[in-house]
Amino acid sequence: MAGILFFHLFTFLPLNAQTATSILDKAAATVTMKEGVKADFKMTGSMGSTSGSIVIKGKKFHATTPQASVWFDGKTQWTYMKNNDEVNISTPNESQLQAINPYNFINLYKKGYKATMNSGSSSHVVHLTATSANQKIKELFITVNKKTYHPTQVKLLQGKKWTIFDISNLKKQTASDSQFRFNAKDFPHAEIIDLR
């Protein structure tokens, strides 16, 4: 009896992980459309909360909140802070990008994380746990709509602090490459600080 129970447990765990990754494969496909996608988000964390919208095309994105706008063209990032009319230019590394672009989290499961999943009536919740102490993000919960496979929430643990992204109104939107680059003509009085 114990042997049968162990066998069922042993065969269930990889299947659950396989199902969790296939759910995330489908979710990733909904946010990595070749033309581009747009969504609204609300971010809540230890530093307060903000909301805004984001346009994504591959690794490129443009996020806007009441406090700031961020453009990333796949290599260079421009962050415009509205309160002091200042633009910081940088070349972010992968972990810095993860802290800015909520959709980067959707691809983390591919390397360095163990995946499990629970399903409710309308959504799947995939739980990712880092397999290495070197990972900046230790744990994630990604909620995926069962019908559309759109991610509706990403909850992640960095250090000892949780950050939650609630995602809504995800839809396909054709985006030109110029949308992901800062245009100085639109901000003629901004002070530009190059941190590269």
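Each value, and the rule that gives it
Residues numbered from 1 in each chain as written. Predicted model: local features only at pLDDT ≥ 70, side-chain atom pairs only at ≥ 80, totals over all residues. Heavy atoms only, no water. Helix = DSSP H or I, 4+ residues; strand = E, 2+ residues; numbered from the N terminus. Buried < 20%, exposed > 50% of the residue type's maximum accessible area, 1.4 Å probe, protein only. Contact = heavy atoms within 4.5 Å. Areas by Shrake-Rupley, 256 points an atom, 1.4 Å probe, with all protein chains shown as cover. Pairing = 2+ DSSP bridges. Axes fitted to C-alpha atoms, helices over the stretch in contact; angles between N-to-C directions.

### A short note on the overall build of the protein
A count of helical and extended segments in the protein gives two helices and 12 strands. Its helices and strands in sequence order give the protein the pattern α-β-β-β-β-β-β-α-β-β-β-β-β-β, from N to C terminus. Out of the 196 residues in the protein, the part that is buried amounts to 35%. Contacts spanning at least 24 positions in sequence make up 45% of the contacts within the protein whose residues lie at least 6 apart. Summed over all atoms, the accessible surface of the protein reaches about 11,300 Å², with 56% contributed by carbon and sulfur.

### A short note on the sheet that holds strand β9 (residues 137–145)
Strand order in the open sheet formed by 12 strands is β7-β8-β9-β10-β11-β1-β2-β3-β4-β5-β6-β12, and the pairing between neighbours is mixed. What marks the edges here is a single partner per strand, and that holds for β7 (113–119) and β12 (191–194). This sheet shows a mean twist of 20 degrees between the axes of neighbouring strands, independent of strand direction. The pairing of strand β6 (residues 86–90) with β12 spans four bridges and is parallel. Its bridge partner lying in β12, I89 is registered against D194.

### Considerations on the side chain of T30
With respect to the helices, strands and loops of the structure, T30 is situated in helix α1 (residues 2–31). For T30, a relative accessible area of 11% gives the class buried. Apart from residues no more than four positions distant in its own chain, T30 is found in contact with V37, T148, Y149, H150, P151 and L170.

### Some points on the pairing of strand β5 (residues 77–81)
For β5, the tally of buried residues reaches four of five residues, placing the bulk of the element in the interior. Two elements, strand β4 (residues 68–72) and β5, share five bridges in a ladder whose sense is antiparallel. When the sheet's bridge partners are listed, V70 is paired in β5 with T79. Hairpin geometry of β4 and β5 is characterised by an intervening segment of four residues between the two adjacent antiparallel strands and by a positive phi of about 105 degrees at G74. As judged from the five bridges shared by β5 and β6, these two strands associate in the antiparallel manner. From the neighbouring strand, W78 faces β6, where its bridge partner is I89. Where β5 folds back on β6, the antiparallel hairpin that results is connected by four residues, among which D85 adopts a positive phi of roughly 50 degrees.

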